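So the chains spell out like this:
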Amino acid sequence: LVEAQAGRVLLTQTWVEEFKTSSKRVNLTKSPVSSITSVKYYDTDNNQQTATLSDFTLVKSEDSPYVDSDNWPVAYSRADAYEVTYVSGYGVAADTPAKLRQAILLIVGQYYEHRMNVTEAKLVEMPLAAQHLINLERARWYG
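Residues numbered from 1 in each chain as written. Predicted model: local features only at pLDDT ≥ 70, side-chain atom pairs only at ≥ 80, totals over all residues. Heavy atoms only, no water.

Engineer: With reference to specific residues and values, describe the pattern of salt bridges.
Structural biologist: Summed over the entire model, instances satisfying the criterion amount to five salt bridges. Across the pair Asp 80 and Arg 78 runs a salt bridge whose closest N-O atoms are separated by 2.5 Å. Residue classification places Asp 80 among the buried positions, given a relative accessible area of 18%. Taken together, the shared-partner salt bridges in this structure form one network comprising Lys 24, Asp 68 and Asp 70. (Salt bridge = Lys/Arg side-chain N within 4 Å of Asp/Glu carboxyl O. Buried < 20%, exposed > 50% of the residue type's maximum accessible area, 1.4 Å probe, protein only.)

Engineer: Can you lay out the nonpolar core for me, pointing to particular residues and giving the numbers?
Structural biologist: Residues Leu 28, Val 39, Val 67, Trp 72 and Val 84 are the most contacted members of the largest nonpolar core, which totals 16 residues. Listed by contribution, the elements that provide at least two residues to this core are β3 (33-42) and β7 (82-88). When residues of this core are assigned to their parent elements, the largest contribution, four residues, is made by β3. Contacts of Val 84, omitting those with residues within four sequence positions, involve Trp 15, Val 16, Glu 17, Phe 19, Leu 28, Ile 36, Ser 38, Val 39, Val 67 and Trp 72. Within the second largest apolar cluster, 11 residues are counted, among which are Val 2, Leu 10, Leu 133 and Ile 134. (Core = buried A, V, L, I, M, F, W, Y, C linked by side-chain atoms within 4.5 Å. Helix = DSSP H or I, 4+ residues; strand = E, 2+ residues; numbered from the N terminus. Contact = heavy atoms within 4.5 Å.)

Engineer: Let's hear about helix α2 (residues 98-113): which residues, and what values?
Structural biologist: Helix length check: α2 (16 residues) gives 23 Å between terminal C-alpha atoms against 22 Å at 1.5 Å per residue, within 8%. The secondary structure elements touched by the buried residues of α2 are α1 (2-6) and α3 (128-137). (Expected span 1.5 Å × (residues − 1).)

Engineer: For α3, give the residues involved together with the corresponding values.
Structural biologist: Along α3, the residues that are buried comprise Ala 130, Leu 133, Ile 134 and Glu 137. Around the axis of α3, the buried residues are gathered within 100° of arc, so they sit on the same side. (Arc of directions from axis to C-beta.)

Engineer: Would you mind going over the environment of Glu 137 in detail, with residue names and values included?
Structural biologist: Mapped onto the elements, Glu 137 comes out in helix α3. With relative accessibility at 18%, the residue Glu 137 sits in the buried group. When the C-alpha positions of Glu 137 and Ala 98 are compared, they lie 9.7 Å apart, and in sequence the two are 39 residues distant. Setting aside anything within four residues of it in sequence, one finds Glu 137 in contact with Ala 6, Arg 8, Pro 97, Lys 99 and Leu 100.

See below:
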């Protein structure tokens, strides 16, 4: 819930994103990004290949991380022509920004206080203070 609202990954996770085309810059959607694990592509014969990582640069912008390269290989035309695998997240719980940790505690407290059966007609809303804390840390995508 907090990750979705903030547009950020809290604990370290590996993500794979696929792209139809590449330009000099390919935006990644899971922030913050700590490293690129691999860049793969389908060559002109439609066989998957692994590109040389040193041809790519990770720009670790907190709000809009991206992979930059002047050497994207020519790929077969398909929806998943390029695949970037990368590591995202703040690390362990203690590395997560304090505002997001506090928001989680507020949400848990709210759900604990209102732990009765919930139906669609009677959902318990997220506490406003938690929403505000999450908004302060929300990713602002540029690109």
